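One-letter residues, chain by chain:
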Amino acid sequence: MKAQYTRLITDENGVSKFEEMEIGLIKGFAVPPAEPLFNAPFLMPEGATFWIGAPTDWKGDEPHPAPRRMIFITVRGEYSVTVPGNVVRCFPPGSVLVLEDMTGIGHSTTITSAEDCYVFGVGLTAG
C-alpha cells in the first residue's frame, strides 16, 4: 500500500511550488487478535497540534509564506492554494498538505467551499 500527500515548498529561486509525494506503507501495526494494519514513519512532529478554522470570507488571497513548517489535514470545507505561475491545487476533506514554503514569495489561499473550512494542523521540526 502507498499513501500520497502534497508538499508546498520554496525552490532555489524563492518561488513556492507543489511537489507530489508518495510513501510506502508496511504491514505490522496491530495488537492481536486484530489483523495488522499498514503504516509508515512520517514527519517528526514538534510542539502543538491544533485546529485551524477559516470562515468562507477569509482573506488569504495575497501571497504569503507559511508561518512555520506544518502538516494540514482538511477536516471540513475546502480550500485552494495558488503558487506562482497560477498553479492551483484544491484541498478537500481528507487531503494532506505539508507546508514548507516559509521563505520567498509564498502562496495565496482561498476558501472554496460554501461552508467554513477546518484543518487539523501539526507543527513540524525545522528541516
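In the block above lies the structure referred to throughout.
A. Local environment of unusual backbone geometry. If you check the backbone angles, Asn86 has positive phi at about 60 degrees while not being a glycine. Looking at the element boundaries, Asn86 is found in the loop between strand S8 (79-83) and strand S9 (87-91). A relative accessible area of 64% places Asn86 in the exposed class.

B. Structural view of the side chain of Asp11. Mapped onto the secondary structure, Asp11 falls in the loop between strand S1 (2-10) and strand S2 (16-24). Here Asp11 is buried and forms no salt bridge, its nearest opposite-charge partner Lys17 lying at an N-O distance of 5.2 Å.

C. Region of the structure containing the pairing of strand S11 (residues 107-111). Of all five residues making up S11, four are buried, and the element is well covered by its neighbours. When strand S6 (residues 60-64) meets S11, the two strands line up antiparallel, connected through two bridges. Looking at S11, one finds that Gly60 is bridged to Thr109. Here S8 pairs with S11 via four bridges, running antiparallel. Residue pairing for S11: Val81 is matched across the bridge by Thr109.

D. The arrangement of the sheet that holds S8 in detail. Overall, antiparallel pairing links the four strands, which are arranged S6-S11-S8-S9 in an open sheet. Looking at strand neighbours, the two that pair on one side only are S6 and S9, the edges of this open sheet. Strand after strand, the sheet turns through a mean of 20 degrees between neighbouring axes, direction not considered.

How each quantity is defined
Residues numbered from 1 in each chain as written. Predicted model: local features only at pLDDT ≥ 70, side-chain atom pairs only at ≥ 80, totals over all residues. Heavy atoms only, no water. Helix = DSSP H or I, 4+ residues; strand = E, 2+ residues; numbered from the N terminus. Buried < 20%, exposed > 50% of the residue type's maximum accessible area, 1.4 Å probe, protein only. Lys, Arg positive; Asp, Glu negative; His and termini not counted. Salt bridge = Lys/Arg side-chain N within 4 Å of Asp/Glu carboxyl O. Pairing = 2+ DSSP bridges. Axes fitted to C-alpha atoms, helices over the stretch in contact; angles between N-to-C directions.

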